[in-house]
Amino acid sequence: MPHASLALNTPTGDEVKTTTCYMCACRCGIRVHLKDGKVRYIDGNPQHPVNRGVICAKGSAGIKQHYSPARLSKPLLRVGERGSGEFREIEWEEALSLAAKWLGDIRQRNPDELAFFTGRDQSQALTGWWAQQFGTINYAAHGGFCSVNMAAAGMYSFGGSFWEFGEPDWELTRYLMLWGVAEDHDSNPIKLGLGKLKGRGAKIVAINPVRTGYGAIADEWVPINPGTDGLLAGAFIHELLRTDRIDLDYLVRYTNAHHLVIRDAGAADDGLIARDADGDALCAARSDTGEAFKLAKAGAIDISPRVVGEYRLADGRIAVPAFQLLAQRYLADEYSPASVSERCGVGVDTIRRLAGELAEAAFDQAITLAQPWTDAFGRQHQTMTGRPVAMHAMRGISAHANGFHTCRSLHVLQMLLGAIDTPGSFRYQPPYPKTSPPPNRPGKARKDNGALDGGPLGYVQTPDDLLVDAAGAPRRLDKAYSWEFPLAAHGLMHSVIRNAWAGDPQRIDTLFMFMANMGWNSSMNVGETQRMLCDRDPASGEYRIPHIIYADAYASETVAFADLVLPDTTYLERHDCISMLDRPISDADCAADAIRQPVLAPDRDVRPFQDVLIDIGTRLGLPGLVNEDGSARYPRGFAQYMVEHERAPGVGMLAGWRGSDGGKRGFGEANPDQLQRYIEHGCVWEAQVPDAGRYYKMANRDYLEWAKSLGFVASTQAMVMQLYCETLQRFRLAARGHGKAQPPDSERARVERYFDPLPFWYEGVASDAPAADTDGAGNYPLSAITQRPMFMYHSWGSQNAWLRQIAARNFLYLHPQTASRYGVHDEDWIWIASPLGRIRVQAKLHAATAPGTVWTWNAIGKRKGAWKLSGNAPESREGFLLNHLISELLPAADHAHRYANADPVTGQAAWFDLRVRIETDAEPRVPGHRIEPIARDAVR
């Protein structure tokens, strides 16, 4: 029916302000339309480099995020029992004084008694620095339960990674393979890119147990069994090696494929790269004097390196090229298509065809750009050759205990194809690439002023960098950077509450959480986690975790378990910094950072958490937050900090418009008008990569000189990609009894197994230990995973009135064959069970699901009463979390110790290793979600 009157030309509002979206991790540019001081409309900023004006359902629904009934409005102090949600409102002065008292006592006594853990996209460059100044090693961020093994695998392999540090070459790729990619991360740039690919007929292959979103528009969907991506990648490598379809020239130019690896069983340097007296890696090269070979510096440019064979070193020992070790591994029968097919759920012919298509796109459709460039060795090239095969991966591969090596396998596959930072392939985003691994180690000791000697998070280089005591036991509460999880670059947030409750490895006084919903969807074994938060010491009657401070903008499930609640603003009411020191918004052709500006003032008694953190730090007199006379260094809060703080001379939070007149970029003194300059430019700054530096960034002098001028790299030397990861071998040698830092005897076998310098596939860490507290894997034959819906990011939008209309409850999706096997009909209410218990859910038949898999949308289910939802809200009545069924600990092995349910290399939470079974219900048509945990003795 036509409308009687549509005022199509009436302005949306009386004012428009630009800022940066916060409804997912894309950090798109938005325009906020205001009328009479209220938000009326949000659209995309056409001038912004991330989204070019595109906006998604989440971004446009930011209005309802800002005006959500779930917003907190006043500081709260608990008056009832933990978990009861009984609080009294207090003034900010009382709240900040109390927080400063608790934290001040800790800092005088032992800074490590503070555990500070933060959620997603909340200026880690500030929170991590604050933890360093406080002096606690117990700090971690969101990545530990999201994708740290994927990030670490990339950083230890080639100085970049999928997702935030790189992207496919959307303009030139002809073949895109998506591995485990859901739709909530980076959605607008990916949608824009996929549109370009579809428009020119490039092939898109989606490897995922579930076909939704991007997979639904892919040219081919490969329904893989969860956790077997690394095995499938290994089969692709097998086929490329078998058919000799690899880029050897690329390998010897940009990787350590030709570096000689010492083969001397039992020696302290067995498996390390052979080096000369200057410490330079050696290779075997063709000799011009008639000899069989000559030893040469691997980085020399006037040699013809060999990549197979055995070669005798000057000391008489044997060494082989790293490539030969790789070839021997992957040419073995265990990686043949026939061997992996059944386990992966992918047919032999399909595996061989896909491997052939990768090779055909890379080599038969190679791209040559008429773009002169100079490499890091001074050689001039008139063209750029590209392999137009690109890959992108996300949480589907990282949420497994084998995710680190799975991701390493993908990077090796890319290297063999010559498809990292060449035209048409995966591309680095500035400030990446970095050296592999980057040089910043985690802080270990405190300086005289109480601050740590380095950031609490970083990249371990050798066993000497671990945070362990004299006996080799973990020092950190989450056991990151210990022999249990050595390369835990982001920490293990999912282990914090259990370890704090158990006092393992230490007791803490205060758990300080920021926008990390650890009482619900960000924890495994949710019911027991909540009991731990509320548990008391029988001897003293005091809570096992004495103090809990929680900062959030909304009444999430975790609020009820806090002692002190510090209410944050919404993203439209504060300054934020999307910094080059943290997670910038660059694309492959430009460096970019951004800010958020407050587009309206709060109408509640709330404060930006960044301001609150600076205030508390000032009250504590933390180094860097007070002047020599004890006065506040940043009395105007985070906005002042963003402009004036320097991490190093001339290096601040923002790279744009530095210097007293705003004429410098990257380096320069503070500019008092810097934020205004950002606002004038849509709250974003960008610097274009020079044309000659767009590709081969790891060894492109034009790029490296440009990156050095902006402070992204310290040197213009080429960065060597690690086909063979020597860092891992150093840990393996320690497990064999070499070096001054060695694991305890109980950890030697674990380190030996998982710190293989070449990627390999294993089913899961739990499969290596007896299932002491389960009924056996045979009783749990199905894999259970979650998908991230495109219309919600994590749990952020799940109280949003507009987004709730898309999905206010979730179903358990299963293939019709699976349903038939269990006698389940569409929309039956059934039970899904794991060793922890069972939950009653409603089933939906879904042919686009791998038959051995069941799945649901993540973070839809809510605790009754949370988020200011009505008591009868479908999110709590019919919605559910699989988290209730996921154990935070692995089954016990022969000894009593139980490891966290995580990747043994990085500590990444293994959410998707969950195995379940289906049980029918006597009344399948009677609705109602229920949770029936199995009684456990962990909390008495």
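In this text, all values refer to a predicted model and were calculated from it rather than measured experimentally.

## A short note on the overall build of the chain
Right, so step 1: Per the secondary structure count, the chain includes 25 helices and 37 strands.
Right, so step 2: A compact globule built from 940 residues should have a C-alpha radius of gyration of about 30 Å, and the chain, at 27 Å, falls within 12% of that.
Right, so step 3: With respect to the principal axes defined by its C-alpha atoms, the chain has extents near 85 × 75 × 70 Å.
Right, so step 4: Looking at the chain alone, contacts between residues at least 24 apart form 69% of all its contacts between residues at least 6 apart.
Right, so step 5: Of the roughly 32400 Å² that the chain leaves accessible, carbon and sulfur atoms contribute 48%.
Right, so step 6: Once the 101 positive and 110 negative side-chain charges of the chain are each reduced to a mean point, those two points are 2 Å apart.

## Structural notes on helix H3 (residues 92–109)
Side chains that are three or four residues apart share a direction in an α-helix, a result of its 3.6 residues per turn.
Right, so step 1: If you check H3, its first and last C-alpha atoms are 26 Å apart, about what 18 residues at 1.5 Å a residue would give, namely 26 Å.
Right, so step 2: In this structure, the buried side of H3 is in contact with strand S6 (114–118), helix H4 (124–134), strand S23 (510–514), strand S24 (547–552), strand S25 (564–567) and helix H17 (609–620).

## Some points on the packing of aromatic side chains
Right, so step 1: Enumeration over the complete set of coordinates arrives at 35 aromatic pairs.
Right, so step 2: Judged by centre distance (5.5 Å) and plane angle (15 degrees), the ring pair of Trp 130 and Phe 134 falls under stacked. Remark: Phe 134 and Trp 130 occur in helix H4; sequence separation between them is four residues, near one turn of the helix. Pair check on accessibility: Trp 130 and Phe 134 agree, each one buried.
Right, so step 3: A connected cluster of aromatic rings, assembled from ring pairs, spans Phe 116, Trp 130, Phe 134, Tyr 139, Phe 512, Phe 514 and Phe 609.
Right, so step 4: Its guanidinium or amino end placed over the ring of Phe 811, Arg 809 lies 3.9 Å from that ring's centre, counting from NZ or CZ.
Right, so step 5: Stacked on the ring of Phe 811, the Lys or Arg Lys 844 has its end atom at 5.8 Å from the ring centre.

## Quick look at empty space enclosed by the protein
Right, so step 1: Counted under the stated rule, the structure contains ten cavities of 30 Å³ or more.
Right, so step 2: Its boundaries defined by the atoms lining it, the largest cavity holds a volume of some 440 Å³.
Right, so step 3: Forming the walls of the largest cavity are 38 residues, and the residues nearest its centre are Met 515, Asn 521, His 794, Ser 795 and Trp 796.
Right, so step 4: Going through the elements one at a time, S24 and strand S31 (782–787) are the ones with two or more residues in the lining of the largest cavity.
Right, so step 5: The element contributing the most residues to the lining of the largest cavity is S31, with three residues.
Right, so step 6: Residues of the lining of the largest cavity, tallied by class, amount to 17 nonpolar, 15 polar and six charged.
Right, so step 7: Around the second largest cavity sit 13 residues that line it, and Ala 182, Arg 395, Gly 396, Arg 788 and Phe 912 are the ones nearest its centre.
Right, so step 8: Going through the elements one at a time, helix H13 (395–398) and S31 are the ones with two or more residues in the lining of the second largest cavity.

## Description of the side chain of Ser 436
Right, so step 1: Looking at where Ser 436 falls in the secondary structure, it is placed in the loop between strand S22 (426–428) and helix H15 (496–502).
Right, so step 2: Overall, Ser 436 belongs to the buried group, its relative accessible area being 17%.
Right, so step 3: Within the local environment of Ser 436, its side chain forms a polar contact with the backbone oxygen of Tyr 156, the two atoms lying 3.0 Å apart.
Right, so step 4: Reaching out from Ser 436, the side chain makes a polar contact with the backbone nitrogen of Ser 157 at a distance of 3.4 Å.
Right, so step 5: For Ser 436, the residues in contact, after removing those within four places along its chain, are Met 155, Tyr 156, Ser 157, Phe 158, Gly 159, Val 720 and Gln 722.

## Notes on the sheet that holds strand S12 (residues 260–263)
In any sheet, the strands associate via hydrogen bonds between backbone groups, in a parallel or an antiparallel arrangement.
Right, so step 1: Pairing is antiparallel across the open sheet formed by three strands, whose spatial order is S12-S16-S15. With one partner strand each, in any of the chains shown, S12 and strand S15 (311–312) form the two edges of the open sheet.
Right, so step 2: Looking at chain direction, S15 and strand S16 (residues 318–321) are connected through two bridges and run antiparallel. Bridging from a neighbouring strand, Arg 312 pairs with Ile 318 of S16.
Right, so step 3: Contacting S12 and S16, helix H10 (residues 322–330) runs over the sheet at an angle of about 70 degrees to S16.

## Quick notes on the confidence of the model for the chain
Right, so step 1: Put simply, the chain has an average pLDDT of 94, and 97% of its residues get 70 or more.
Right, so step 2: This stretch, residues 770–776, has a pLDDT under 50; its non-local contacts, to residues over four places away or in other chains, come to 15 contacts.

## Considerations on the nonpolar core
Right, so step 1: Formed by 291 residues in total, the largest nonpolar core has its most connected members in Trp 130, Trp 179, Phe 236 and Leu 511.
Right, so step 2: With near-sequence residues (within four places) excluded, Trp 179 lies in contact with Ile 207, Asp 229, Leu 232, Ala 233, Phe 236, Met 391, His 392, Ala 393, Met 394, Ile 397, Leu 410 and Leu 413.
Right, so step 3: In this structure, Leu 260, Leu 282, Tyr 311 and Ala 319 belong to the second largest nonpolar core, which totals eight residues.

## Regarding the pairing of S24
Residues in a regular strand point their side chains to alternate faces of the sheet.
Right, so step 1: For S24, a buried count of six out of six residues is recorded, marking the element as mostly surrounded by other parts of the structure.
Right, so step 2: One ladder, built from five bridges, connects S23 with S24; its direction is parallel. The residue bridging Thr 510 from the neighbouring strand is His 547, located in S24.
Right, so step 3: In terms of handedness, the path from S23 via helix H16 (residues 526–534) over to S24 forms a crossover that is right-handed.

## Regarding the sheet that holds S6
Right, so step 1: In space, the seven strands of this open sheet follow the order S5-S4-S25-S24-S23-S6-S7, with mixed pairing throughout. On the outer flanks of this sheet lie strand S5 (87–89) and strand S7 (139–140), each paired with one strand and no other.
Right, so step 2: Sheet analysis places S24 next to S25, joined by four bridges and oriented parallel. Among the inter-strand pairings, Ala 551 is bridged to a residue of S25, identified as Leu 566.
Right, so step 3: Where H3 meets the sheet, it contacts strand S4 (76–78), S5, S6, S23, S24 and S25, and its direction lies at approximately 120 degrees from that of S25.

## As for unusual backbone geometry
Right, so step 1: Omega for the bond connecting Tyr 432 with Pro 433 falls within 30 degrees of zero, at 15 degrees, which places this linkage in the cis form.
Right, so step 2: Within the element layout of this structure, Pro 433 appears in the loop between S22 and H15.
Right, so step 3: With omega at 10 degrees, the peptide bond leading from Asp 504 into Pro 505 counts as cis.
Right, so step 4: Mapped onto the fold, Pro 505 is located in the loop between H15 and S23.
Right, so step 5: Even without a glycine there, the phi angle at Arg 52 is positive, about 50 degrees.
Right, so step 6: With respect to the secondary-structure elements, Arg 52 resides in the loop between strand S3 (38–44) and helix H1 (57–60).
Right, so step 7: Assessed through its relative accessible area of 47%, Arg 52 is described here as partly exposed.
Right, so step 8: Of note in the backbone geometry, Tyr 481 takes a positive phi value of approximately 55 degrees without being a glycine.
Right, so step 9: Along the chain, Tyr 481 falls in the loop between S22 and H15.

## So, the environment of Arg 82
Right, so step 1: One can find Arg 82 in the loop between S4 and S5.
Right, so step 2: With sequence-adjacent residues up to four places away left out, Arg 82 is seen in contact with Leu 533, Cys 534, Tyr 543, Ile 545, Pro 546, His 547, Ile 548, Ala 560, Phe 561 and Asp 563.
Right, so step 3: Of the polar contacts made by the side chain of Arg 82, one reaches the backbone oxygen of Leu 533; its length is 2.8 Å.
Right, so step 4: Within polar-contact distance, the side chain of Arg 82 engages the backbone oxygen of Ile 545 at 2.6 Å.

## With respect to the environment of Ser 304
Right, so step 1: If you trace the backbone, Ser 304 turns up in the loop between strand S14 (294–297) and S15.
Right, so step 2: Look at Ser 304 and you get partly exposed, because its relative accessible area is 31%.
Right, so step 3: Residues Ser 304 and Gly 85, spaced 219 residues apart in sequence, show a C-alpha to C-alpha distance of 70 Å.
Right, so step 4: Apart from the residues within four sequence positions on either side, Ser 304 is in contact with Ala 284, Ala 285 and Arg 286.

## A short note on the packing of helix H21 (residues 726–735) against helix H22 (residues 745–754)
Right, so step 1: Contact geometry for H21 and H22: axes closest at 8 Å, N-to-C directions at 150 degrees. Looking at the two axes, H21 sits roughly antiparallel to H22. Relative to H22, H21 is oriented so that their crossing is left-handed. For the pair H21 and H22, the contacting residues are Phe 731, Arg 732, Ala 734 and Ala 735 in the first and Arg 748, Val 751, Glu 752 and Arg 753 in the second.
Right, so step 2: A per-class count over the contact of H21 with H22 returns four nonpolar, no polar and four charged.

How each quantity is defined
Residues numbered from 1 in each chain as written. Predicted model: local features only at pLDDT ≥ 70, side-chain atom pairs only at ≥ 80, totals over all residues. Heavy atoms only, no water. Helix = DSSP H or I, 4+ residues; strand = E, 2+ residues; numbered from the N terminus. Rg over C-alpha atoms; globule rule 2.2 N^0.38 Å. Contact = heavy atoms within 4.5 Å. Areas by Shrake-Rupley, 256 points an atom, 1.4 Å probe, with all protein chains shown as cover. Lys, Arg positive; Asp, Glu negative; His and termini not counted. Charge placed at Lys NZ, Arg CZ, Asp CG, Glu CD. Expected span 1.5 Å × (residues − 1). Phe/Tyr/Trp six-rings, centres within 6.5 Å; stacked < 30°, edge-to-face > 60°. Buried < 20%, exposed > 50% of the residue type's maximum accessible area, 1.4 Å probe, protein only. Lys NZ or Arg CZ within 6 Å of the ring centre and 35° of its normal. 1 Å grid on protein atoms, 1.4 Å probe; cavity = no way out; pocket = protein on both sides within 12 Å on 5 of 7 lines; lining within 4 Å. Points joined across faces, edges and corners; volume = space filled by probe spheres on them. Nonpolar A, V, L, I, M, F, W, Y, C, P; charged D, E, K, R; others polar. Polar contact = N/O pair within 3.5 Å; in protein donor to acceptor, adjacent residues only side chain to side chain. Pairing = 2+ DSSP bridges. Axes fitted to C-alpha atoms, helices over the stretch in contact; angles between N-to-C directions. pLDDT = per-residue confidence, 0-100. Core = buried A, V, L, I, M, F, W, Y, C linked by side-chain atoms within 4.5 Å. Right-handed = clockwise from strand over helix to strand, strands pointing away. Parallel < 35°, antiparallel > 145°, perpendicular 65-115°, else oblique. Left-handed = near helix turned anticlockwise from the far one by under 90°.

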